[in-house]
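Topology and contacts: notes
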Amino acid sequence: MASSHTLKTYITAATSNAGSATTTGTFQTHTTAYGGLITTKVTNGGTGPTVGATVNVYTSGDGTNFKLLASALAGVTSSIAYEFAFILPAGAMYSRVDVTGNTVQAVTCEAF
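Source: prediction; values computed, not measured.

1. Let's talk about the side chain of Asn-44
- Here Asn-44 is to be found in strand 4 (residues 36-44).
- In terms of polar contacts, Asn-44 uses its side chain to reach the backbone carbonyl oxygen of Thr-77, at 2.9 Å.
- Sequence-distant contacts of Asn-44, that is, excluding residues within four places in its chain, are made with Pro-49, Gly-75, Val-76, Thr-77, Ser-78, Ser-79, Ile-80, Tyr-82 and Val-107.

This is how it looks when you write it as C-alpha cells:
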C-alpha cells in the first residue's frame, strides 16, 4: 500500500496556554502513513514562565488510549521561541500533542 503524508494540525499556531494549564491537541490518524514528523514551538512572552512548558507527544493503537512517546522541556527565557521535532515510528496509528507545566506566565504554542 502506498504511503500518504499530509500536514496535520495538532495545536493551531499562536494558541495560548495559560500558566498551570494544559493545551490538548487534536488527535491525528496515521493508519495510511509509515511514520511521520511532528514539529512544535513554544514561545515565552515578555516575562518568561517560572517553569518552562513541556511538550508531550503520545501515540495510540486505537485512538482512545494514548501512551507517552516523547517529551521536551522549553526554557524560561523571556521572548524566546523553543522549537522541537519528534519522529513518529512507522507503527504509530494515532498521535496527540499536549503542552503543559508552564507556571505563572502564559506561553503560546503550536504543533503540526
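Still more to cover.
2. Focus on the side chain of Thr-40
- Mapped onto the fold, Thr-40 is located in strand 4.
- Not counting residues up to four positions away in its chain, the partners in contact with Thr-40 are Val-55, Tyr-82, Glu-83, Phe-84, Phe-86, Val-97, Glu-110 and Ala-111.

3. Let's talk about the pairing of strand 5 (residues 54-60)
- Of all seven residues making up strand 5, six are buried, and the element is well covered by its neighbours.
- As paired elements, strand 5 and strand 6 (residues 67-73) share six bridges and run antiparallel to each other. Of the residues in strand 6, the one forming a bridge with Val-55 is Ala-72.
- Between the antiparallel neighbours strand 5 and strand 6 lie six residues, among them Gly-63 with a positive phi of about 80°.
- Alignment of strand 5 against strand 8 (residues 94-100), held across seven bridges, turns out to be antiparallel. Residue pairing in the sheet places Asn-56 in a bridge with Asp-98 of strand 8.

4. Details of the sheet that holds strand 9 (residues 107-111)
- Spatial strand order, 1-9-4-7: four strands in an open sheet with antiparallel pairing. Either end of the sheet is taken by a strand with one partner, and the two such strands are strand 1 (11-17) and strand 7 (81-88). Sheet twist, expressed as the mean angle between neighbouring strand axes with direction ignored, is 15°.
- Relative to strand 7, strand 4 runs antiparallel, the two being bridged by eight bridges. Following the sheet pairing, Gly-36 is matched in strand 7 by Leu-88.

5. Observations concerning the layout of surface pockets
- There is about 180 Å³ of room inside the largest pocket.
- Looking at the largest pocket, it is lined by 14 residues, and the ones nearest its centre are His-5, Thr-6, Lys-8, Gly-36 and Leu-37.
- Of the residues that constitute the lining of the largest pocket, the class distribution is seven nonpolar, six polar and one charged.

6. Structural notes on the environment of Glu-110
- Within the fold, Glu-110 resides in strand 9.
- C-alpha of Glu-110 to C-alpha of Val-99: the two residues are 11 residues apart in sequence and 8.8 Å apart in space.
- Contact partners of Glu-110, with chain neighbours within four places excluded, come to Ile-11, Thr-12, Ala-13, Ala-14, Thr-39, Thr-40 and Lys-41.

7. Description of the pattern of salt bridges
- In total, this model carries one salt bridge according to the counting rule given.
- Close ionic contact of Arg-96 with Asp-98 constitutes a salt bridge, the shortest N to O distance being 3.0 Å.
- When its relative accessible area of 19% is taken as the criterion, Arg-96 is described as buried.
- Exposure remark for Asp-98: the relative accessible area of 6% places this residue in the buried category.

Thresholds applied
Residues numbered from 1 in each chain as written. Predicted model: local features only at pLDDT ≥ 70, side-chain atom pairs only at ≥ 80, totals over all residues. Heavy atoms only, no water. Helix = DSSP H or I, 4+ residues; strand = E, 2+ residues; numbered from the N terminus. Polar contact = N/O pair within 3.5 Å; in protein donor to acceptor, adjacent residues only side chain to side chain. Contact = heavy atoms within 4.5 Å. Buried < 20%, exposed > 50% of the residue type's maximum accessible area, 1.4 Å probe, protein only. Pairing = 2+ DSSP bridges. Axes fitted to C-alpha atoms, helices over the stretch in contact; angles between N-to-C directions. 1 Å grid on protein atoms, 1.4 Å probe; cavity = no way out; pocket = protein on both sides within 12 Å on 5 of 7 lines; lining within 4 Å. Points joined across faces, edges and corners; volume = space filled by probe spheres on them. Nonpolar A, V, L, I, M, F, W, Y, C, P; charged D, E, K, R; others polar. Salt bridge = Lys/Arg side-chain N within 4 Å of Asp/Glu carboxyl O.

What is shown is where atoms sit, not what they do.
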